[in-house]
Every structure is written in structure tokens, then in C-alpha cells.
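Descriptive structure summary
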Amino acid sequence: MVLVPHDHDVLLGRGTTINSHPGNQRLRSFVSKKKEIYSKAETKKIKRDIAVSIVQQIQSLTPPGRFLIDSSGGKNGAEEKCWVVVEQEKAIEKVLHRLREKDRPSGGGSEKNGAKKPNRQCSSMTSIASSQRC
């Protein structure tokens with residue numbers, strides 16, 4: 001059990017807190033440096049070896065980085081979470097997932113490519129016979 005993750009740890013989960021954790025930012029940096037090699041890899045074994053090398057990079061930091069998951073079920077506040085170290089295979093799967101992800105444009109948001117969804121509301125003035133329908 002880990003009470004307080006340090007800056008080299010990678011936190012598994014979702015949300016801004018996890019995304020902005022220094023260890024997760026470092027993982028994204030390591031992944032971005034290997035993405036091109038990964039995308040050109042011809043076999044699953046080569047792709048897995050790339051992921052293993054990234055996990056080993058994290059684990060070879062001083063202090064060693066760990067891959068942690070919140071075992072409290074997310075019920076507690078960020079400071080009160082109960083972090084536990086995941087098995088090596090789960091860490092490798094996390095890195096493989098990051099390597100497969102498409103790069104997202106900066107700026108975030110839920111709209112793809114920054115495009116807004118068209119407004120689908122019809123005004124009360126629109127007649128039923130109109131060619132515009134909701």
C-alpha cells in the first residue's frame with residue numbers, strides 16, 4: 001500500500017488530478033518519443049518490447065517510479081486515496097494503451113477538432129410543414 005504517490009509514480013485512472021500528476025506527464029513524454037517507432041513496428045512482440053522498455057524507464061528513475069491504482073474505489077478525496085502498486089502486466093497494458101492512442105489536439109474539450117455541434121433546436125415559430133425538422 002502507498003499512502004502518498006511521489007512525482008515519478010504513474011497513477012492509473014481518469015480525471016484532471018491524475019492527468020496532471022508529474023509521473024503521468026513524464027509517461028506521456030516517454031510515450032511520445034517512442035510513438036513513431038511503435039507505429040512502424042511490424043510485430044506485436046516488437047510493440048510489446050517498446051512498452052516494456054518504457055515501463056522499465058519509469059521503474060529505473062530515482063526514486064523508482066511505480067504504476068499505482070486507487071483501491072479505495074474513488075470514494076475519498078485525492079489526499080485520502082489508498083494507492084496500491086499494480087502488477088507488471090497491468091503497467092505494460094497501460095503503456096500499450098497510451099502508445100495506441102491517437103494524438104489529441106491541444107486545448108482539450110469534448111468536441112473533436114474544436115468543431116462545435118450544430119444547434120438542433122427548432123424555434124417555436126417553425127411550422128410543422130417546414131423543411132427544417134428537429
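Coordinates for the structure precede this section.
1. Things to note about the side chain of K94
- Note on placement: K94 falls in helix α4 (residues 88–100).
- Nearest to the buried, unbridged K94 among oppositely charged side chains is E101, at 6.9 Å.
- Setting aside residues up to four positions removed in sequence, K94 forms contacts with L12, L27 and F67.

2. Considerations on the sheet that holds strand β1 (residues 10–12)
- Read from one edge of the open sheet, three strands run β1-β2-β3, paired in mixed fashion. Strands at the two margins of the open sheet, each flanked by one partner only, are β1 and β3 (83–85). Ignoring which end each strand starts from, the neighbouring axes of this sheet average 40° apart.
- Across three bridges, strand β2 (residues 67–70) lies against β3 in antiparallel orientation. Pairing of L68 across the sheet is with V85, part of β3.
- Strand contacts of α4: β1 and β2, with the helix running at about 95° to β2, the strand carrying the most contacts.

3. Quick notes on the nonpolar core
- In this structure, L27, I54, F67, V95 and L99 are the most contacted members of the largest nonpolar core, which totals 19 residues.
- Listing elements by their share of this core, those giving two or more residues are β1, α2 (22–40), α3 (44–59) and α4.
- Not counting chain neighbours up to four residues away, the residues in contact with F67 comprise V10, L12, V55, I58, V84, V85, V86, A91, K94 and V95.

4. Description of α3
- Under the 1.5 Å per step criterion, the end-to-end length of α3 is 22 Å for 16 residues, consistent within 8% with the ideal 22 Å.
- Within the sequence span of α3, burial applies to I50, A51, I54, V55 and I58. Taken down its axis, α3 places every buried residue within 135° of arc, on the same side.
- Where α3 is buried, its residues contact β1, α2, β2 and α4.

5. Observations concerning the packing of α3 against α4
- Between α3 and α4, the shortest axis-to-axis distance is 9 Å and the interhelical angle comes to 115°. When the axis of α3 is compared with that of α4, the two are roughly perpendicular. The way α3 lies across α4 gives a crossing that is right-handed. Facing α3, whose interface residues are K47, R48, I50, A51, V52, I54, V55 and Q59, α4 presents Q88, E89, A91, I92, E93, V95, L96 and L99.
- Residues of the contact of α3 with α4, tallied by class, amount to ten nonpolar, two polar and four charged.

6. Re the packing of aromatic side chains
- Per the counting criterion, the structure on display carries zero aromatic pairs.
- Over the aromatic face of Y38 sits the side chain of K47, whose NZ or CZ is 5.0 Å from the ring centroid.

7. Thoughts on α4
- The first and last C-alpha atoms of α4 sit 19 Å apart over 13 residues, in line with the 18 Å expected at 1.5 Å per residue.
- Listed in full, the buried residues belonging to α4 are A91, I92, K94, V95, L96, R98 and L99.
- As for α4, its buried residues are in contact with β1, α2, α3 and β2.

Conventions and cut-offs
- Residues numbered from 1 in each chain as written.
- Predicted model: local features only at pLDDT ≥ 70, side-chain atom pairs only at ≥ 80, totals over all residues.
- Heavy atoms only, no water.
- Helix = DSSP H or I, 4+ residues; strand = E, 2+ residues; numbered from the N terminus.
- Buried < 20%, exposed > 50% of the residue type's maximum accessible area, 1.4 Å probe, protein only.
- Lys, Arg positive; Asp, Glu negative; His and termini not counted.
- Salt bridge = Lys/Arg side-chain N within 4 Å of Asp/Glu carboxyl O.
- Contact = heavy atoms within 4.5 Å.
- Pairing = 2+ DSSP bridges.
- Axes fitted to C-alpha atoms, helices over the stretch in contact; angles between N-to-C directions.
- Core = buried A, V, L, I, M, F, W, Y, C linked by side-chain atoms within 4.5 Å.
- Expected span 1.5 Å × (residues − 1).
- Arc of directions from axis to C-beta.
- Parallel < 35°, antiparallel > 145°, perpendicular 65-115°, else oblique.
- Left-handed = near helix turned anticlockwise from the far one by under 90°.
- Nonpolar A, V, L, I, M, F, W, Y, C, P; charged D, E, K, R; others polar.
- Phe/Tyr/Trp six-rings, centres within 6.5 Å; stacked < 30°, edge-to-face > 60°.
- Lys NZ or Arg CZ within 6 Å of the ring centre and 35° of its normal.

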